[in-house]
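Report on the structure
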Amino acid sequence: MKRLFLFLPLIVAIAVGVFLFAGIGKDPTRLESVLIGKPVPEFSLESLNDPERRLDTSLLKGEVSLLNVWAEWCPSCWDEHKYLMRLSKDKGVRIVGLNYKDEREAAFRFLNQLGNPYETIIFDPKGKLGFDLGVYGAPETFVIDADGVVQYRHVGVVNQKVWEQELLPVINKAKGNS
Amino acid sequence: MRRFPILLFALFALSFTVQAEVKDVYDFDTRAEEQRYQNLIAELRCPKCQNNNIADSNSAISQDMRDEVYRMMKNGASNEEIVDALVSRFGEFVQYKPPVDRRTILLWAFPAIAVIGGFLVVVGVVMRSRQREQQGETLSQEDKRKAERILAGESDESAKG
């Protein structure tokens, strides 16, 4: 018993070591979205291309879609755009854009330069829907199922790896359910 | 080189004078209301610039969150309602003070557990050393006499024989 007591510091050190080691490499900026499993918050916003057209949550129902939050001022959005083009053109993924805290002019400049992978773009200059979605930095990408329920959220750039390992499995699952 | 401490002190002193406050553009009817707002934004955490509260952070999202806190306050929302509204969007992460529930009970109870544990260890150590003292006294009567003799300069008989 006494000898076991001598090993206590070693045991404690190993336990703390294991605990701390498990934390290495985890990205602390990646936060779990509280919206997963919940419907997309209600909104009523203009379409970017057509100010006359009002968009609401019905836009995100009926089909599994990606909701991509972007802005012209966001450098990482320029980086991921090429891959979004590929997803929409080659893979036929339905991508709805959420133009976040941007100006129309700037947004059009961005799309003219890089192409438009979005089926529809929600224009959210005040970041209202973004706020309700818990967006804290563009780009962010949500997987929305056919019932308009948030299934997944990815913070940061979408690339081949993210698509294959994170988004595609969720999309396939969402398609299987509906 | 002698000037170095003075320079260091000057830099240190300067750091207080340049500390920037987030500019307040909100109007409050009463001092208490403003205080309530300040307390709220001090204990809400910015999701973008982590380990800043939204009072200190200049990021766009913190600005939005301050606006929302102010707007909800003006609409007569209670502190809990405001915090809940932000938690429902950004997650529990935004609370510097997580609520006490089954998942966080260990976190909250740990300081008490550590203090009680430390106290028990100290009590154990003291009791044991006291026990040893008592035992030592009764056991070494013979040795004690021997030691006294040696210290007094007399030769040890048993070693001789």
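Residues numbered from 1 in each chain as written. Chains lettered and ligands numbered in written order. Predicted model: local features only at pLDDT ≥ 70, side-chain atom pairs only at ≥ 80, totals over all residues.

In plain terms, the rule: UniProt positions are given in the numbering used here, feature names are shortened, and annotations may be inferred rather than shown by experiment.
You'll find chain B entered in an unreviewed UniProt entry as Cytochrome c-type biogenesis protein, with Marinobacter persicus given as the organism. In its Function (unreviewed entry) section, the UniProt entry covering chain B states "Possible subunit of a heme lyase."

Under an unreviewed UniProt entry, the name given to chain A is Cytochrome c biogenesis protein CcmG/thiol:disulfide interchange protein DsbE, and the source organism is Marinobacter persicus. Here chain A is described in UniProt, under the heading Subcellular location (unreviewed entry), as follows: "Cell inner membrane".

1. As for the overall build of chain A
Selection criterion: Each helix is a run of H or I in the DSSP string that is no shorter than four residues. Each strand is a run of E no shorter than two, and both are numbered from the N terminus. Restricting the calculation to C-alpha atoms gives the radius of gyration, and the globule rule supplies 2.2 Å times the number of residues raised to the power 0.38. Each residue is classified by how many other C-beta atoms fall within 10 Å of its C-beta atom, where C-beta atoms are placed from the backbone; a count of 20 or more means buried, 12 or fewer means exposed, and values in between mean partly exposed.
In terms of helices and strands, chain A carries six helices and seven strands. For chain A, the N- to C-terminal ordering of α and β elements is α-α-β-β-β-α-β-α-β-α-β-β-α. Computed over the C-alpha atoms, the radius of gyration of chain A is 21 Å, more than 25% above the 16 Å expected from 2.2 N^0.38 for a compact globule of 178 residues. When the backbone C-alpha atoms are referred to their principal axes, chain A occupies close to 80 × 35 × 30 Å. When the 178 residues of chain A are sorted by exposure, 34% land in the buried category.

2. Some details on helix 4 (residues 104-114) of chain A
Residues and elements named next belong to chain A. Test applied: By construction, the arc corresponds to the directions joining the helix axis to the C-beta atoms.
Those residues of helix 4 not exposed but buried are A107, F110 and L111. Projected onto a plane normal to the axis of helix 4, the buried residues spread over an arc of 90° and lie on a single side. Exposed side chains of helix 4 directed beyond 90 degrees from the buried face belong to E105, R109, N112 and Q113. Once helix 4 ends, the next one or two residues include G115, with phi positive near 95°.

3. What about the interface of chain B and chain A?
Our working rule: Residue pairs qualify as contacts under a 7 Å threshold applied to their C-beta atoms, which are placed from the backbone. Think of it as three bins: nonpolar holds Ala, Val, Leu, Ile, Met, Phe, Trp, Tyr, Cys and Pro, charged holds Asp, Glu, Lys and Arg, and polar takes everything else, Gly as well.
Taken together, the contact pairs 11 residues of chain B with 12 residues of chain A. Only helix 3 (60-74) and helix 4 (79-90) of chain B provide two or more residues apiece to the side of chain B that touches chain A. Considered class by class, the residues forming the side of chain B that touches chain A number five nonpolar, three polar and three charged.

4. Let's talk about the environment of A:V158
Residues and elements named next belong to chain A. Note that V158 resides in the loop between strand 7 (150-155) and helix 6 (160-177). The exposure class assigned to V158 is buried, which follows from the 23 C-beta atoms found within 10 Å. Those residues within four positions of V158 in sequence are excluded, and the remaining contacts are E80, Y83, L84, T141 and W163.

5. Quick notes on the confidence of the model for chain B
For residues with low pLDDT, the predicted coordinates do not support detailed interpretation. Here is the rule we go by: The predictor's confidence in any single residue is recorded as pLDDT, a number from 0 to 100.
Of all residues in chain B, 76% attain a pLDDT of 70 or more, and the chain-wide mean is 81. Interface confidence for the predicted complex, expressed as ipTM, amounts to 0.74; the pTM equals 0.71.

6. Thoughts on the pairing of strand 7 of chain A
Residues and elements named next belong to chain A. So the rule is basically this: Strands were regarded as paired on the criterion that DSSP finds at least two bridges between them.
The pairing of strand 6 (residues 140-144) with strand 7 spans five bridges and is classified as antiparallel. Of the residues in strand 7, the one forming a bridge with V143 is Y152. Linkage of strand 6 to strand 7, two consecutive antiparallel strands, is achieved through a turn of five residues, within which G148 is found at a positive phi near 80°.

7. Structural notes on the environment of B:I105
With respect to the element layout, B:I105 can be found in helix 5 (residues 105-139). Once the C-alpha coordinates of B:I105 and B:D67 are considered, the two residues, 38 residues apart in sequence, prove to be 32 Å apart.

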